[in-house]
Amino acid sequence: MIYFKKRPLLFLTGILILWILLCHFVGIREQFPYPQSFDGKQVSCTGRVCQIEAGADFWYVYADHIQADFMEEVSERLKVRAILEEPADCAYGNWVQICGKLTLAEAPSNDGAFDRLFYQQTERLLFSMKNARLTVRDGRQNPLLQWMYEVRRICMRHLEQIFDEQDAGILAAMLLGDKSRLDEEIRDWYQVGGIAHVLAISGLHISLFGMALYHILRKLGISFVVSSGIAGSFMLFYAVFTGAGVSTRRAMIMFLLFLGAQCLGRTYDLLSALSAAVFLLLFDYPILLFSSGFQMSVSAVAAIGGFYPILKKHYGSYISSGAAIQLFMLPCVLWHSFSFPLYSVMLNSMVIPLLPFVLAGGGSALLFSFFSLKAASYPAAAVHRVLNLYSFLCRVSLELPFSQMIFGRPKLWSILLYYVILSAGAVWLLQKKQKKVCYLVFVFMAIFFLKRTEPKAFSVTFLDVGQGDGIVLRDDTGVTMLCDGGSSSVSNVGKYRILPYLQYHGIDRLDYVFLSHMDMDHINGVRELLERQTCSIKIKNLVLPAIKNPDETYLEIERLAAGQKIAVHKMREGDCICTRSMMLTCLAPKAGDTSKNKNATSMVLHVKYKSFDVMLMGDLEKEGEKDLIRRKKLPQLLEGGNKIEVLKAGHHGSKGATSEELLDILKPQMAVLSYGKGNRYGHPAPETIERLEKANCPAVSTEKCGEITFFCLKNEKILVRYGKNVIK
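These numbers were taken from a predicted model, which means no experiment stands behind them.

### Description of the overall build of the protein chain
Phase 1: Helices and strands together make up the secondary structure of the protein chain, namely 25 helices and 25 strands.
Phase 2: Dimensions of the protein chain along its principal axes, counting C-alpha atoms only, are 95 × 70 × 55 Å.
Phase 3: Counting only contacts in the protein chain whose residues sit at least 6 apart along the sequence, the fraction spanning at least 24 positions is 71%.
Phase 4: Of the roughly 34,500 Å² of accessible surface on the protein chain, a fraction of 58% belongs to carbon and sulfur atoms.
Phase 5: When the 80 positive and 66 negative side-chain charges of the protein chain are each reduced to one mean point, those points stand 9 Å apart.

### Examining a negative patch on the surface
Phase 1: Taken together, the side chains of Glu 660, Glu 661, Asp 664, Glu 687, Glu 690 and Glu 693 define an acidic patch exposed on the protein surface.
Phase 2: Elements represented by at least two residues in the negative patch include exactly helix H23 (660-666) and helix H24 (686-694).
Phase 3: Turning to its location among the elements, Glu 660 is positioned in helix H23.

### Focus on the pattern of salt bridges
Phase 1: Taken as a whole and assessed by the stated rule, the structure comprises 25 salt bridges.
Phase 2: Residues Asp 284 and Arg 124 are paired through a salt bridge, measuring 3.4 Å at the closest nitrogen-oxygen approach. In this pair, Asp 284 is assigned in helix H10 (residues 270-284) and Arg 124 in the loop between helix H3 (116-122) and strand S5 (125-138), connecting sequence segments 160 residues apart.
Phase 3: The exposure class assigned to Asp 284 is partly exposed, which follows from its relative accessible area of 40%.
Phase 4: With relative accessibility at 16%, the residue Arg 124 sits in the buried group.

### As for the state of the cysteines
Phase 1: Going through the model one piece at a time under the given rule, you end up with zero disulfides.
Phase 2: Note on Cys 45: no disulfide assigned, nearest cysteine sulfur contributed by Cys 99 at a separation of 8.1 Å.
Phase 3: No disulfide involves Cys 697; its nearest neighbouring cysteine sulfur is the one of Cys 705, lying 14 Å away.
Phase 4: The exposure class of Cys 697 is buried, given its relative accessible area of 4%.

### A few points about helix H12 (residues 317-337)
Phase 1: In this model H12 runs 28 Å from its N-terminal to its C-terminal C-alpha over 21 residues, within 8% of the 30 Å that 1.5 Å per residue would give.
Phase 2: The largest bend in H12 amounts to roughly 50° and is located at Met 329, with the proline Pro 331 lying one to four residues further along.
Phase 3: Every buried residue belonging to H12 is among Ser 320, Gly 322, Ala 323, Ala 324, Gln 326, Leu 327, Met 329, Leu 330, Pro 331, Cys 332, Val 333 and Leu 334, and all of these are buried.
Phase 4: Backbone geometry just after H12 places Phe 338 at a positive phi near 70°.

### Some thoughts on the environment of Met 329
Phase 1: In this structure, Met 329 sits in helix H12.
Phase 2: The exposure class of Met 329 is buried, given its relative accessible area of 14%.
Phase 3: Sequence separation of Met 329 and Lys 41 is 288 residues, and the distance between their C-alpha atoms is 43 Å.
Phase 4: Apart from residues lying up to four places away in sequence, Met 329 is in contact with Met 296, Ser 299 and Ala 300.

### A word on the environment of Ala 196
Phase 1: One can find Ala 196 in the loop between helix H6 (184-193) and helix H7 (203-219).
Phase 2: Ala 196 sits 10 residues away from Ile 186 along the chain, and the two C-alpha atoms are 9.5 Å apart.
Phase 3: Apart from residues lying up to four places away in sequence, Ala 196 is in contact with Tyr 190 and Gln 191.

### Points about the sheet that holds strand S21 (residues 670-673)
Phase 1: Read across the open sheet, the seven strands follow the order S16-S17-S18-S19-S20-S21-S22; overall the sheet is mixed. At either end of the open sheet lies a strand with only one pairing partner, and these are strand S16 (576-578) and strand S22 (699-701). Within this sheet the neighbouring strands show an average axis-to-axis angle of 20°, counted without direction.
Phase 2: Here strand S19 (residues 612-616) pairs with strand S20 (residues 646-648) via three bridges, running parallel.

### Digging into the sheet that holds strand S2 (residues 59-67)
Phase 1: In spatial order, the strands read S1-S2-S3-S5-S4; together these five strands close into a barrel with mixed pairing. Geometrically, the sheet is characterised by an average inter-axis angle of 55° between neighbouring strands, direction not taken into account.
Phase 2: In this sheet, strand S3 (residues 79-84) lies alongside S2 in antiparallel orientation, the contact comprising five bridges. Bridge pairing in S3 links Tyr 62 to Arg 81.

### Focus on H6
Phase 1: Along H6, the residues that are buried comprise Ile 186, Asp 188, Trp 189, Tyr 190, Val 192 and Gly 193.
Phase 2: On its buried face, H6 sits against helix H5 (165-176), strand S6 (339-341), helix H13 (344-351), helix H15 (373-399), strand S7 (404-406) and helix H18 (493-504).
Phase 3: N-cap assignment for H6: the residue whose side-chain oxygen lies 3.0 Å from the backbone N of Glu 185 is Asp 183.

### Some remarks on the packing of H5 against H15
Phase 1: Where H5 meets H15, the closest approach of the two axes is 11 Å, and the angle between their N-to-C directions is 90°. With respect to their mutual orientation, H5 and H15 come out roughly perpendicular. Facing Gln 166, Asp 167, Ile 170, Leu 171 and Met 174 of H5, the residues of H15 in contact are Val 383, His 384, Leu 387, Tyr 390 and Ser 391.
Phase 2: By residue class, the composition of the contact of H5 with H15 is six nonpolar, three polar and one charged.

### Focus on the packing of H7 against helix H9 (residues 246-264)
Angle between the axes and distance between the axes: these two values describe a pair of packed helices.
Phase 1: With their axes 9 Å apart at the nearest point, H7 and H9 run at an angle of 30° to one another. Our classification of the angle between H7 and H9 gives roughly parallel. When the axes of H7 and H9 are compared, the crossing they make is right-handed. Across the interface between the two elements, Gly 203, Ile 206, Gly 210, Met 211 and Tyr 214 of H7 pack against Ser 247, Thr 248, Arg 250, Ala 251, Phe 255, Phe 258, Leu 259 and Gln 262 of H9.
Phase 2: Considering only residue class, the contact of H7 with H9 consists of seven nonpolar, five polar and one charged.

### A short note on the nonpolar core
Phase 1: In this structure, Leu 159, Phe 163, Leu 171, Met 174, Tyr 190, Leu 387 and Tyr 390 are the most contacted members of the largest nonpolar core, which totals 51 residues.
Phase 2: Ranked by the residues each element gives to this core, the list is headed by H15, at nine residues.
Phase 3: Apart from residues no more than four positions distant in its own chain, Phe 163 is found in contact with Ala 168, Leu 171, Ala 365, Ala 380 and Val 383.
Phase 4: Residues Met 71, Phe 127, Ala 273 and Val 301 belong to the second largest nonpolar core, which totals 50 residues.

### Description of the environment of Leu 412
Phase 1: Inspection of the secondary structure puts Leu 412 in helix H16 (residues 412-431).
Phase 2: Taking relative accessible area as the criterion, Leu 412 reaches 47% and is therefore assigned partly exposed.
Phase 3: Measuring from C-alpha to C-alpha, the distance between Leu 412 and Pro 8 comes to 27 Å, with 404 residues separating the pair along the chain.

Rules and cut-offs
Residues numbered from 1 in each chain as written. Predicted model: local features only at pLDDT ≥ 70, side-chain atom pairs only at ≥ 80, totals over all residues. Heavy atoms only, no water. Helix = DSSP H or I, 4+ residues; strand = E, 2+ residues; numbered from the N terminus. Contact = heavy atoms within 4.5 Å. Areas by Shrake-Rupley, 256 points an atom, 1.4 Å probe, with all protein chains shown as cover. Lys, Arg positive; Asp, Glu negative; His and termini not counted. Charge placed at Lys NZ, Arg CZ, Asp CG, Glu CD. Patch = residues over 30% accessible without salt bridge, like charges linked within 9 Å, V, L, I, M, F, W, Y side chains within 5 Å. Salt bridge = Lys/Arg side-chain N within 4 Å of Asp/Glu carboxyl O. Buried < 20%, exposed > 50% of the residue type's maximum accessible area, 1.4 Å probe, protein only. Disulfide = S-S within 2.5 Å. Expected span 1.5 Å × (residues − 1). Bend = angle between axes of the 7 residues up to and from the residue. Pairing = 2+ DSSP bridges. Axes fitted to C-alpha atoms, helices over the stretch in contact; angles between N-to-C directions. Polar contact = N/O pair within 3.5 Å; in protein donor to acceptor, adjacent residues only side chain to side chain. Parallel < 35°, antiparallel > 145°, perpendicular 65-115°, else oblique. Nonpolar A, V, L, I, M, F, W, Y, C, P; charged D, E, K, R; others polar. Left-handed = near helix turned anticlockwise from the far one by under 90°. Core = buried A, V, L, I, M, F, W, Y, C linked by side-chain atoms within 4.5 Å.

Encoded structure:
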């Protein structure tokens, strides 16, 4: 209680956080006036330009004070984003008319997928307008913001002159807050290594620049008030110049409070300043409480102010600083990214001490470049070596065993228990000064509870991968299999749809990966998992259809698997793979089939768990179905009163698949259709839907329901989960 007695702001902020949480859980939340009925339609609106960004392929113009005929009056702070193919012919402060295709963000359709809808809410972004056209209606400008924008563009050009493309992208993120040119591989390395925070303008930057400037001014004999005024004004300018993200705003408030304490001769208390910053930010916009950037920023500072001093007394400052931050942030990291970089403490202990040198060297090189490129080349060369060291350290950490510990998203109760154990251990450590080793037991016990545990039941999940297939099977012993994984409508489907789902559920290995055939909408996501150096999912066995004369794609997949030392197996009709409680039987292709027609030689699997049966038809069409019927493979499955509970309709519900004959024999209780919204193939075909209705087989689709999971419990009760709802 001494923390609250000495820090009333901490108590007040805690009350505000509890109130926001209570409102959230009872459903009292800010409502955004989304124009749902106009999604995908050409519309027009007017607004004031408040932000301009140059992306890799497009230009983005943000406008607030929105007015539109198709919407009621909205808050002046809500924004729309115009996506342009040509450079924006407008300036900050201009009133513009925007015409384009209105596009609303969608909530994630798979567990673990990035929640773009919530992210846009935290940015106060209402909707986007694609293929937009801008017309300036009022040429009045905001001269300061426009000047900052022009200076950023000039600085970016100078960075590209004195650094190579990779280094320029890193320094643009570190110094200018512009991540549009950041190399994707570098971003992945930094993120997996646990040092991605150095790429964001955050409290570390504000502290380094602001405190350095303030102390230099004081050393020159300038008074407290004048030094504080100059340092505060400069850092406010820099915060706005770099985009004023949530962590920057938090750090800026705390820095201004520090300057105020210096001027008034008062003691600066880190936790009280943090409480004031959190209170102001949440009072202004409560939804920030649930954003990853806010949580990471606040938890890191809270660890330094509250947890680090306790550890420092017993373990020394060098180890304790990194350990305190990582331990305190761990639940936030796992909640948002589902895995923990084991060597991040060690990596940060080497990276952060060099960061002031990188920022100072990069800043001085940028400054010198306005006068002499040769003079700028000397600090640029030194910075280049440090950035190469950063990349080298990240690569080395990835090659070490257990570099990525996949925990999955922890349950809320386990997060609460973690902090209770961590706090109780810290209090006990203060009282038992000589029991340093015993406290580690508290720490490891707390971490143990964060590991996500799944119910011991058989499950089959049909992922929403757009136009493609991705099916995850798990038996009640934890054996996990992936059947196909690809998409023709979602870019990098492995990185953005399949991998996040697996990590969300704490899956760090795939015992078997089946590829039904070599069409890209079935394999390109799996190929990503095989190729990605930063992928933390281990594949033990790859199963391919046993066919004659395989094509180059088939051979390439085999080579990738061999390069990763993954066992490759070939399956044909009659082959089986059994676990303790599940059996997979291959029904096709038959011996002697060739790869001329990929769909005709698609692997067909029958999955059996106790009395629960699933048929995975791949892209097999009518001729292949007739061949299965002719060879009497299907009737054998139904002997003894067996029935097919779930049928994955062949070829995404195309007209040429899921024939009447197949449905008459299988009599499935439910069919799953996997296809993408607005696909150019017309899937699912009306004829297929009509045949399913005629067979009294209800159909569900990943396009409408998102991921679809069937659970078969030990008592053989079946649960179906669409998104977050469970239906018996």
